[in-house]
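Listed here are the chains, written in short residue letters.
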Amino acid sequence: MATRIWDLLDNGFWNVAENWSEDILPGPEDNVVIGVDGEIEVTQQSGSTAIKSLISEAILNLSGGSFTVTEEANLNALLKSSGSTATFNGSSNLLGFDFSKGTLSGTGALTTEGPSTWTGGVYSGSGLTINEGGTLELSGSNAKTLSGVLENRGITTWTDGDINSNSSGTWNTAETAL
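Residues numbered from 1 in each chain as written. Predicted model: local features only at pLDDT ≥ 70, side-chain atom pairs only at ≥ 80, totals over all residues. Heavy atoms only, no water.

## Focus: the overall build of the chain
Piece 1. Scanning the chain for helices and strands turns up zero helices and 20 strands.
Piece 2. For a compact globule of 178 residues, the expected C-alpha radius of gyration is about 16 Å, and the chain comes in at 16 Å, within 12% of that figure.
Piece 3. With the C-alpha coordinates aligned to their principal axes, the bounding extent of the chain is approximately 50 × 25 × 25 Å.
Piece 4. Across the 178 residues that make up the chain, the buried fraction comes to 49%.
Piece 5. Considering only residue pairs separated by 6 or more positions, the chain has 18% of its internal contacts joining residues 24 or more positions apart.
Piece 6. Side chains of the chain give 6 positive and 21 negative charges; the mean places of these two sets differ by 6 Å. (Helix = DSSP H or I, 4+ residues; strand = E, 2+ residues; numbered from the N terminus. Rg over C-alpha atoms; globule rule 2.2 N^0.38 Å. Buried < 20%, exposed > 50% of the residue type's maximum accessible area, 1.4 Å probe, protein only. Contact = heavy atoms within 4.5 Å. Lys, Arg positive; Asp, Glu negative; His and termini not counted. Charge placed at Lys NZ, Arg CZ, Asp CG, Glu CD.)

## Quick look at the pattern of salt bridges
Piece 1. Per the counting criterion, the structure on display carries three salt bridges.
Piece 2. A salt bridge links Arg4 to Glu22; the nearest nitrogen and oxygen atoms lie 3.6 Å apart. Within this pair, whereas Arg4 is found in strand E1 (residues 3-5), its partner Glu22 is found in the loop between strand E2 (12-13) and strand E3 (31-34), the two being separated by 18 residues in sequence.
Piece 3. Residue Glu22 is classed as exposed on the basis of its relative accessible area, which comes to 64%.
Piece 4. For Arg4, the salt bridge is made with Asp30, and the minimal N-O distance between the two is 3.5 Å. Of the two residues, Arg4 sits in strand E1 while Asp30 sits in the loop between E2 and E3, which places them 26 residues apart along the sequence.
Piece 5. Because the salt bridges share partners, they merge into one network encompassing Arg4, Glu22 and Asp30. (Salt bridge = Lys/Arg side-chain N within 4 Å of Asp/Glu carboxyl O.)

## Regarding the pairing of strand E12 (residues 115-118)
Piece 1. Residues Ser116 and Trp118 point to one face of E12 and are all buried, whereas Pro115 and Thr117, pointing to the other face, are not buried.
Piece 2. Examined bridge by bridge, strand E10 (residues 92-105) and E12 share two bridges and lie parallel to one another. Within E12, the position partnered with Asp98 by the bridge is Thr117.
Piece 3. In this structure, E12 lies alongside strand E15 (residues 135-138), joined through four bridges in parallel fashion. Across the sheet, residue Ser116 finds its bridge partner in E15, namely Leu136. (Pairing = 2+ DSSP bridges.)

## Topic: the environment of Leu25
Piece 1. The topology assignment puts Leu25 in the loop between E2 and E3.
Piece 2. Remark: the alpha-carbon pair of Leu25 and Leu60, spanning 35 residues in sequence, is separated by 16 Å.
Piece 3. Setting aside anything within four residues of it in sequence, one finds Leu25 in contact with Arg4, Trp14, Asn15, Val16, Ala17, Trp20 and Asp30.

## Observations regarding unusual backbone geometry
Piece 1. Backbone geometry at Glu22 places phi at a positive 60°, although glycine is not the residue there.
Piece 2. Residue Asp23 is not a glycine yet carries a positive backbone phi of 55°.
Piece 3. Relative to the helices and strands, Asp23 is located in the loop between E2 and E3.

## Describing the nonpolar core
Piece 1. Residues Trp14, Ile34, Leu54, Leu60, Leu79, Phe97 and Trp118 are the most contacted members of the largest nonpolar core, which totals 34 residues.
Piece 2. Listing elements by their share of this core, those giving two or more residues are E3, strand E7 (59-62), strand E8 (66-69), strand E9 (73-88), E10, strand E14 (128-130) and E15.
Piece 3. By residue number, the principal contributor to this core is E9, which donates five residues. (Core = buried A, V, L, I, M, F, W, Y, C linked by side-chain atoms within 4.5 Å.)

Structure below.
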């Protein structure tokens, strides 16, 4: 097990070894740290990534392939998904997400603290919580499918589109949510 650190000071691609400490891509037993402050974006375009844990201060853009975190994740910036399958199997905290296509899933509890947008894709995890103070904006005509549990304790704005659900899809709204 190693700790892999993002050592590029700018936007870049996840699957380029030179962007990581010791020029080694993170693997399934690795703890990953993206500690660059600011508005940089780390993008996974394709392929399959599995890591043990993740701490990120940068925007994580999952535009293709699959991305799995087997233990905990703390993303202090936006998680963007526009075509990837993202799986979080440990307890995970996100500042927020921008989810337009693909699948967001996992067995771990997923919590958001800030602004989030859902314009398309599938949520099929065991628990997504929009915390008090967080927001969820539902918009766009792309298909949105709820196949997991979504707990809304924040503010949700629904301006366009439908949410499809199956027998495992549950939307709970706390009394404190507006």
